[in-house]
Every structure is written in C-alpha cells, then in structure tokens.
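Structure assessment
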Amino acid sequence: MMSVGTDCRTEEYPTNEYSPLAQYSFCNYTISSLNQTEVVLELKKYTNLEDLHGTYQYDSSHLFGAKGLISENAYGDMSRFRVNSEDDYGAEFTDPNVYYYHLWIVKSEYLIHLTSKGTEEAGEYMVSMGQLILSKFG
C-alpha cells in the first residue's frame, strides 16, 4: 500500500497525580491505493493504568452505537474494533458511502488508536496496521 504525506508529531508532558498523560504522538497519512483513504494514528503514554483504562473506556465507546462493533479483545485485552453505523451519535450527518474505522488497543501503558476515513476495504488495512504496531512492542 502506498502512503502519501506522512506527518508525525510527538509531545511530552510533565506529569503528576492530576496530569497522567506523559506522551502523545500523532501521525496522519493518505493511502493512495485505497482511493485516498485517510488514516490517523494516535499513541498516548500514561503514567498509571487507572487513568489509561478510564481513557480507553471513554474514548472507545463515547458517541458510538452498538451496531458498528466488529470485535472486542481480538488484539489482546482491551481492544475494540468498529466501523461507523446508523446508531452512532450524529450518524445522520455522515455520508453512507464513507467508512470510518476505529481500532483501539491497550498495550502496557499505551493507548493506541487508529482511525481511517475512506473505503470499506480500509478495515483490513486497519487490522494489519494494528498487528504491525503490536509487533513493535515485543
């Protein structure tokens, strides 16, 4: 798959008991072979599991209906893979020909979130990308 315009940024933050997010990385790129599908990768590093788990629960279920859920825990504990559906909040404003896939994975103190906007075939790419990222954690 060809990607164009990859752009990544990483920010580091001072942490304390009220600010547990230590690092935030963000990458975005376009997959030309999937009709210009856009992909965003977010990688958040936390200082404690309680805040990590709370963020995962909120991010991976907030504003989403149950119909779009594809899998849970297929990529380790606390993973969730979904596609947009008509029972999502604000779905009436979403073009039905555009597919939005989301894959959340928790690994160690990291919350990984992959998002795509584009074709239905992007779902397979998201799974491959998630597996590749997990392989980097060893």
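Details of the structure are given in the entry above.
Residues numbered from 1 in each chain as written. Predicted model: local features only at pLDDT ≥ 70, side-chain atom pairs only at ≥ 80, totals over all residues. Heavy atoms only, no water.

1. Points about the overall build of the protein
- Check the secondary structure of the protein and you find 2 helices and 7 strands.
- Beginning at the N terminus, the succession of helices and strands in the protein can be written as β-β-β-α-β-β-β-β-α.
- Over its C-alpha trace the protein gives a radius of gyration of 15 Å, about what one expects of a compact globule, namely 14 Å for 138 residues.
- With the principal axes as the frame, the protein shows a C-alpha extent of 45 × 30 × 25 Å.
- For the protein, the exposed area adds up to about 8200 Å²; of that, 50% sits on carbon and sulfur atoms.
- Each charge class in the protein was averaged separately, 9 positive and 20 negative side chains, and the resulting centres sit 4 Å apart. (Helix = DSSP H or I, 4+ residues; strand = E, 2+ residues; numbered from the N terminus. Rg over C-alpha atoms; globule rule 2.2 N^0.38 Å. Areas by Shrake-Rupley, 256 points an atom, 1.4 Å probe, with all protein chains shown as cover. Lys, Arg positive; Asp, Glu negative; His and termini not counted. Charge placed at Lys NZ, Arg CZ, Asp CG, Glu CD.)

2. Examining the pairing of strand β7 (residues 110-118)
- Buried residues dominate β7, accounting for 8 of its 9 residues.
- Alignment of strand β3 (residues 37-46) against β7, held across 8 bridges, turns out to be antiparallel. Looking at β7, one finds that Leu43 is bridged to Ile112.
- As judged from the 9 bridges shared by strand β6 (residues 99-107) and β7, these two strands associate in the antiparallel manner. If you follow Tyr99 over to β7, its bridge partner there is Gly118.
- The hairpin turn running from β6 into β7, its antiparallel successor, is 2 residues long, and Ser108 in that turn takes a positive phi close to 55 degrees. (Buried < 20%, exposed > 50% of the residue type's maximum accessible area, 1.4 Å probe, protein only. Pairing = 2+ DSSP bridges.)

3. Section: helix α2 (residues 122-136)
- Between its terminal C-alpha atoms α2 stretches 21 Å, which fits the 21 Å expected from 15 residues at 1.5 Å a residue.
- The set of residues buried in α2 consists of Ala122, Gly123, Tyr125, Met126, Val127, Met129, Gly130 and Ile133.
- Packed against the buried residues of α2 are β2 (21-31), β3, β5 (79-83), β6 and β7. (Expected span 1.5 Å × (residues − 1). Contact = heavy atoms within 4.5 Å.)

4. Considering the layout of surface pockets
- In this structure, the largest pocket occupies an estimated 260 Å³ of space.
- Forming the walls of the largest pocket are 16 residues, and the residues nearest its centre are Asn84, Ser85, Asp88, Thr94 and Tyr100.
- Grouping the constituent residues of the lining of the largest pocket by class yields 7 nonpolar, 5 polar and 4 charged. (1 Å grid on protein atoms, 1.4 Å probe; cavity = no way out; pocket = protein on both sides within 12 Å on 5 of 7 lines; lining within 4 Å. Points joined across faces, edges and corners; volume = space filled by probe spheres on them. Nonpolar A, V, L, I, M, F, W, Y, C, P; charged D, E, K, R; others polar.)

5. Section: the nonpolar core
- One finds Phe81, Leu114 and Tyr125 to be the most contacted residues of the largest nonpolar core, which totals 20 residues.
- Of all the secondary-structure elements, those providing two or more residues to this core are β2, β3, β5, β6, β7 and α2.
- The element contributing the most residues to this core is α2, with 6 residues.
- Setting aside residues no more than four positions away along its own chain, Phe81 makes contact with Gly68, Leu69, Ile70, Ser71, Tyr75, Tyr101, His102, Leu103, Gly123, Met126 and Val127.
- Tyr46, Trp104, Val106 and Leu111 belong to the second-largest nonpolar core, a separate cluster that totals 7 residues. (Core = buried A, V, L, I, M, F, W, Y, C linked by side-chain atoms within 4.5 Å.)

6. A look at the side chain of Thr119
- Turning to its location among the elements, Thr119 is positioned in the loop between β7 and α2.
- Given a relative accessible area of 15%, Thr119 falls into the buried group.
- Here Glu121 takes part through its side chain, which lies 3.3 Å from a polar atom of the side chain of Thr119.
- For Thr119, the contacting residues outside a window of four places in its chain are Leu34, Asn35, Thr37, Tyr99 and Tyr101. (Polar contact = N/O pair within 3.5 Å; in protein donor to acceptor, adjacent residues only side chain to side chain.)

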